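The chain contents come next:
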Amino acid sequence: MTQKQLADAMNISDKTISKWERGLGLPDVSLLRELSEILGINVERLLSGDLKADEKDGGNMKKIKFYVCQECGNVITATGGGEISCCGRKLAALTAKPADESHRLNVQEIENDYYVTFSHDMSKDHHVSFVAYVTWDRVLLIKLYPEQNPEVRFPRMQKGKIYFYCSNDGLWVN
Ligand SMILES: [Zn+2]
Ligand SMILES: [Zn+2]
């Protein structure tokens, strides 16, 4: 954008933009939100003055990261880096723990499916809220809700891992 285009979009003078660019002044805090919207850059990056791209995504789904928002329950996945936030808070990628006694899945082959069962609580306060089957090129994620039966069925695919998320105890992997 030219200084004039940005100035017009913000209803300020292009002299002001010119000042910012030359480091002779800074945008008022009250303008940051508008500036962020017009430029399509989040406020934090705007302030840091840095738009360095993340490392190139290797494209392997096995490296998939899961994010869960504790406020609204949103489940987000990413195959590369990224700044993930929800409900105004930054989310950290979950670290999967190897399944323990109370967070273990049983997998049976039935016809062309993997029939996955678990003996975990499915109450409102403590339940498995998703199960994801991850192979090198795909992810199948099944959302679970309280009071549902502790079971899911996946079509059998290549070798992979099964992740599952407990509302209280976080992410586990089988
Ligand atoms: Zn949220
Ligand atoms: Zn649990």
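See the structure shown above.
Residues numbered from 1 in each chain as written. Chains lettered and ligands numbered in written order. Predicted model: local features only at pLDDT ≥ 70, side-chain atom pairs only at ≥ 80, totals over all residues. Heavy atoms only, no water.

A. Representation of the coordination of the zinc ion (ligand 2) in the model. Within the protein, the zinc ion (ligand 2) binds to His103 (NE2), His120 (NE2), His126 (NE2), Cys166 (SG) and Asp169 (OD); these donor distances fall in the range 2.1 to 2.3 Å. On the primary sequence, the residues serving as donors to the zinc ion (ligand 2) are separated as H-x16-H-x5-H-x39-C-x2-D. Here His120 is found in the loop between β7 (113-118) and β8 (128-134), whereas its partner Asp169 is found in the loop between β11 (161-166) and β12 (170-173), with 49 residues between them in sequence. For Asp169, a relative accessible area of 26% corresponds to the partly exposed category. (Donors = N, O, S within 2.8 Å, 3.2 Å for Na, K, Ca; no water. Helix = DSSP H or I, 4+ residues; strand = E, 2+ residues; numbered from the N terminus. Buried < 20%, exposed > 50% of the residue type's maximum accessible area, 1.4 Å probe, protein only.)

B. Structural detail: the sheet that holds β12. The 5 strands lie next to each other as β5-β12-β11-β8-β9, forming an open sheet whose pairing is mixed. Of all the strands in the sheet, the pair left with one neighbour each is β5 (97-98) and β9 (139-143). In this structure, β5 lies alongside β12, joined through 2 bridges in parallel fashion. Note that in β12 the partner of Pro98 across the bridge is Val173. (Pairing = 2+ DSSP bridges.)

C. View of the nonpolar core. One finds Phe118, Val128, Val131, Leu144 and Phe154 to be the most contacted residues of the largest nonpolar core, which totals 16 residues. Elements represented by at least two residues in this core include exactly β7, β8, β10 (151-155) and β11. When sequence neighbours within four positions are dropped, the list of residues in contact with Val128 reads Phe118, His120, Asp121, Met122, Leu144, Phe164, Tyr165 and Cys166. (Core = buried A, V, L, I, M, F, W, Y, C linked by side-chain atoms within 4.5 Å. Contact = heavy atoms within 4.5 Å.)

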